[in-house]
Amino acid sequence: MARENYVHLVGKIVKIEAINDISDIITLEVVRRNGKRDFPRVVIYESFKKCKDCSVNDFVFIKGIMASRGKRQVIHCDICKETRVIEGFETVVNAIDVVKLSEDLDFEDLKEISNQVFILGVVCRKVKYRKLASGVSNAQYQLAINRKLHVYEENHKKSDYVFVTSLSNQADEDYKRLDVGSQCFINGGIQNRNIVREISCTNCSNVMKLSEQATEICTYNVEYLNNCKF
């Protein structure tokens, strides 16, 4: 089966966190073609390369793959003080290589190369289509992607699941052509959105708000392949 999952990022490190003995995670500032800044989280595994020589504010080149991973958050009820663990997942970039660049760069000059994603996947969730308040069409769906590269620390994972969003004419075409089981090839960039979820306390039914960052692929172009509607 054909597989494609490639991420190319050029940007500035804004945060470095040590997760455990085998991996670090960095937050990278990048820019899309439209000039918007995004902040993908990049996992650096020991089996590839630690970012030992990199520091906050350094510009780096990262080659990697889109990946989904489990995420656990703990929230506390303001009323009864009950603690609840919320299980979910987040979309990150698993780095294959990290190269520190020798000089600071101008984001204005990076628009075409700073944030690039090439994904071949199968639609696994029905396309949601709507009109935004501005009148622009919006389509959202989820892709299942077969793992092209296995890191030692996640050798058990066979596939990843990422969300995709498209706008305007591309959204119209995605809604018309794609269904569950459709295969497509996407050229796009990583996009971050802040979302707020409402969680009910299991003890007192108090409604709590959980803020989190959603990471998805914003399409530049979509090629429709097997099982699409033509």
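In what follows, the accompanying structure is described. (Residues numbered from 1 in each chain as written. Predicted model: local features only at pLDDT ≥ 70, side-chain atom pairs only at ≥ 80, totals over all residues. Heavy atoms only, no water.)

Describing the packing of aromatic side chains
On inspection of all chains with the given rule, the structure shows four aromatic pairs. Each ring, one from Tyr6 and one from Phe118, has its centre 6.2 Å from the other, and the planes form 15°; the classification is stacked. Of this pair, Tyr6 sits in strand β1 (residues 4-20) while Phe118 sits in strand β7 (residues 115-131), and the two are 112 residues apart along the sequence. Geometrically, the ring pair formed by Tyr129 and Tyr175 is stacked, given 4.5 Å between the ring centres and 20° between the ring planes. Taken together, the residues span a long stretch of sequence, with Tyr129 in strand β7 and Tyr175 in helix α1 (residues 168-177) at a distance of 46 residues. Given a relative accessible area of 44%, Tyr175 falls into the partly exposed group. (Phe/Tyr/Trp six-rings, centres within 6.5 Å; stacked < 30°, edge-to-face > 60°. Helix = DSSP H or I, 4+ residues; strand = E, 2+ residues; numbered from the N terminus. Buried < 20%, exposed > 50% of the residue type's maximum accessible area, 1.4 Å probe, protein only.)

Some thoughts on the layout of surface pockets
Its boundaries defined by the atoms lining it, the largest pocket holds a volume of some 550 Å³. Contributing elements (two or more residues each) for the lining of the largest pocket: β5 (59-76), β6 (83-100), β7, β8 (137-146), β9 (159-167), β10 (183-200) and β11 (207-224). Broken down by element, the lining of the largest pocket gets its largest block of residues, six residues, from β6. Considered class by class, the residues forming the lining of the largest pocket number seven nonpolar, seven polar and ten charged. The wall of the second largest pocket is formed by 13 residues, among which Arg32, Lys36, Leu167, Gln191 and Arg193 lie closest to the centre. Mapped by element, the contributors of at least two residues to the lining of the second largest pocket are β8, β9 and β10. Broken down by element, the residue count for the lining of the second largest pocket peaks at three residues, all from β10. Of the residues in the lining of the second largest pocket, the class split is two nonpolar, six polar and five charged. (1 Å grid on protein atoms, 1.4 Å probe; cavity = no way out; pocket = protein on both sides within 12 Å on 5 of 7 lines; lining within 4 Å. Points joined across faces, edges and corners; volume = space filled by probe spheres on them. Nonpolar A, V, L, I, M, F, W, Y, C, P; charged D, E, K, R; others polar.)

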